[in-house]
Amino acid sequence: MTELPHAATARPLLLVDDDATFLRVLARALDSRGFQVITATNFDEARALTRRHQPRYCVLDLKLGEENGLRLIPELHTLVPDLRVLLLTGYASIATAVEAIKRGAHDYLAKPVDADAVVRALLDGDSDSDDVDPPDAPEQPLALRRLEWEHIQRVLTECDGNISETARRLGMHRRTLQRKLSKHPVRERPDRDE
């Protein structure tokens, strides 16, 4: 748990991630861009710091050890109703993006991400507007492997992150599902002219 200076002029921001290196680097970068950064590595720290500091912004990782960051979004909004939450993940999918928006996130970015993209996402449209649209579906049809990834993510979200229940619903072995989830999402290949 770290608190960085600039209290008088900075915008208070809670940064929640269990990767210590990423947390330190992003905290330093956001601090240099005018945010008063406080950091947490788990749900309990995030709740306590939100109560104590009442941040205006939050950058939250989707996976915090065994916890799912989606679950924390409504709790943080209960503590600070106008908190602008940006969800970050290394395992991006349309299902989790839509679920993040439904739960109150203002934006969603896939890792790796740079500090400038985080700042743009946090400050873009920073008003009291409540009408945030979920991300648009892609224009091109998705590849079969990517469709499988999206379907797994949707079912996992429906099961509130429960791997066993997700595997049962998908009709696959739990270890097979864990192996698929441990890989990064399928990347789209650019179309080649034949």
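Computed from a predicted model, the values in this text were never measured in an experiment. (Residues numbered from 1 in each chain as written. Predicted model: local features only at pLDDT ≥ 70, side-chain atom pairs only at ≥ 80, totals over all residues. Heavy atoms only, no water.)

## Regarding the pairing of strand β7 (residues 107–110)
Keep this limit in mind: Two strands make a pair as long as DSSP finds a minimum of two bridges between them. Per the convention used, a helix needs a DSSP run of H or I reaching at least four residues, while a strand needs a run of E reaching at least two, with both numbered from the N terminus.
Pairing geometry for strand β6 (residues 84–89) and β7, over 4 bridges, is parallel. Paired with L88 across the strands is L109, a residue of β7.

## Structural notes on the sheet that holds strand β1 (residues 11–16)
The test is simple: For every element, the axis is a line fit to its C-alpha atoms; helices are fit only across the contacting stretch, and the angle between N-to-C directions ranges from 0 to 180 degrees. We call two residues in contact whenever any of their non-hydrogen atoms come within 4.5 Å of each other.
With parallel pairing, 5 strands are arranged side by side in an open sheet as β2-β1-β3-β6-β7. Sheet topology places β2 (35–40) and β7 at the edges, where each strand pairs with a single neighbour. Mean inter-strand twist for the sheet, computed between neighbouring axes without regard to direction, equals 20°. The sheet strands contacting helix α3 (residues 69–79) are β3 (57–61) and β6, and the helix crosses β3 at an angle near 160°.

## Comments concerning unusual backbone geometry
At Q54, a position not held by glycine, the phi torsion is positive, near 50°. A positive phi angle, close to 55°, is found at D160, a residue other than glycine.

## Concerning the pairing of β1
For clarity, the threshold we go by: Handedness of a crossover is defined as follows: orient the strands so they point away from the viewer, and if the path from the first strand over the helix to the second runs clockwise, the crossover is right-handed.
Two elements, β1 and β2, share 6 bridges in a ladder whose sense is parallel. Pairing of L14 across the sheet is with I38, part of β2. Regarding the hand of the β-α-β motif, the stretch spanning β1, helix α1 (residues 20–31) and β2 is right-handed. With 4 bridges joining them, β1 and β3 adopt parallel strand pairing. Within β3, the position partnered with V16 by the bridge is L60.

## Brief notes about the packing of aromatic side chains
Any aromatic ring pair is given by two values, namely how distant the centres are and how the planes are angled relative to each other. As a reminder, the rule being used: Pairing of aromatic side chains requires ring centres within 6.5 Å, counting the rings of Phe and Tyr and the six-membered ring of Trp. Pairs whose planes differ by under 30 degrees are stacked, by over 60 edge-to-face, and all others tilted. A 1.4 Å probe rolled over the protein chains alone gives each residue an accessible area, and that area as a share of the maximum for its type sets the label: buried under 20%, exposed over 50%, partly exposed in between. Two thresholds decide whether a charge sits over a ring: the Lys NZ or Arg CZ must be within 6 Å of the ring centre and within 35 degrees of the ring normal.
One pass over the structure, following the stated rule, counts 1 aromatic pair. The interplanar angle of 85° and the centroid separation of 5.5 Å between the aromatic rings of F35 and Y57 together place this pair among those described as edge-to-face. A residue pair is termed long-range when its members are at least 10 positions apart, and F35 in strand β2 and Y57 in strand β3 qualify at 22 residues. Of the two residues examined, F35 and Y57, each falls in the buried class. Looking at R11, its charged tip hangs above the ring of F35, at a distance of 4.3 Å from the centre.

## Side note on the packing of α1 against helix α5 (residues 115–123)
For the record, the criterion: Note: crossing handedness is left-handed where the near helix turns anticlockwise from the far helix by less than a right angle, and right-handed where it turns clockwise.
The interhelical angle for the contact between α1 and α5, taken along N-to-C directions, is 60°, at an axis separation of 10 Å. Judged by the twist between their axes, the crossing of α1 over α5 is right-handed. Contacts from L26, A29 and L30 in α1 reach A115, V118 and V119 in α5.

## Regarding the nonpolar core
Put simply, the rule reads: Among the buried residues, those of types Ala, Val, Leu, Ile, Met, Phe, Trp, Tyr and Cys that are joined through side-chain atoms within 4.5 Å form a nonpolar core.
Residues L14, V16, C58, L60, I73, V85 and L87 are the most contacted members of the largest nonpolar core, which totals 24 residues. A per-element tally of this core places α3 first, with 4 residues. The residues contacting V16, other than those within four sequence positions of it, are L23, A40, N42, A46, C58, V59, L60, D61 and L64. A27, V37, V59 and L109 belong to the second-largest nonpolar core, a separate cluster that totals 22 residues.

## Observations concerning helix α4 (residues 94–102)
Listing the buried residues of α4 in full gives A95, T96, A97, E99, A100 and I101. Taken from the residues just after α4, G104 is the one with a positive phi, measuring 115°.

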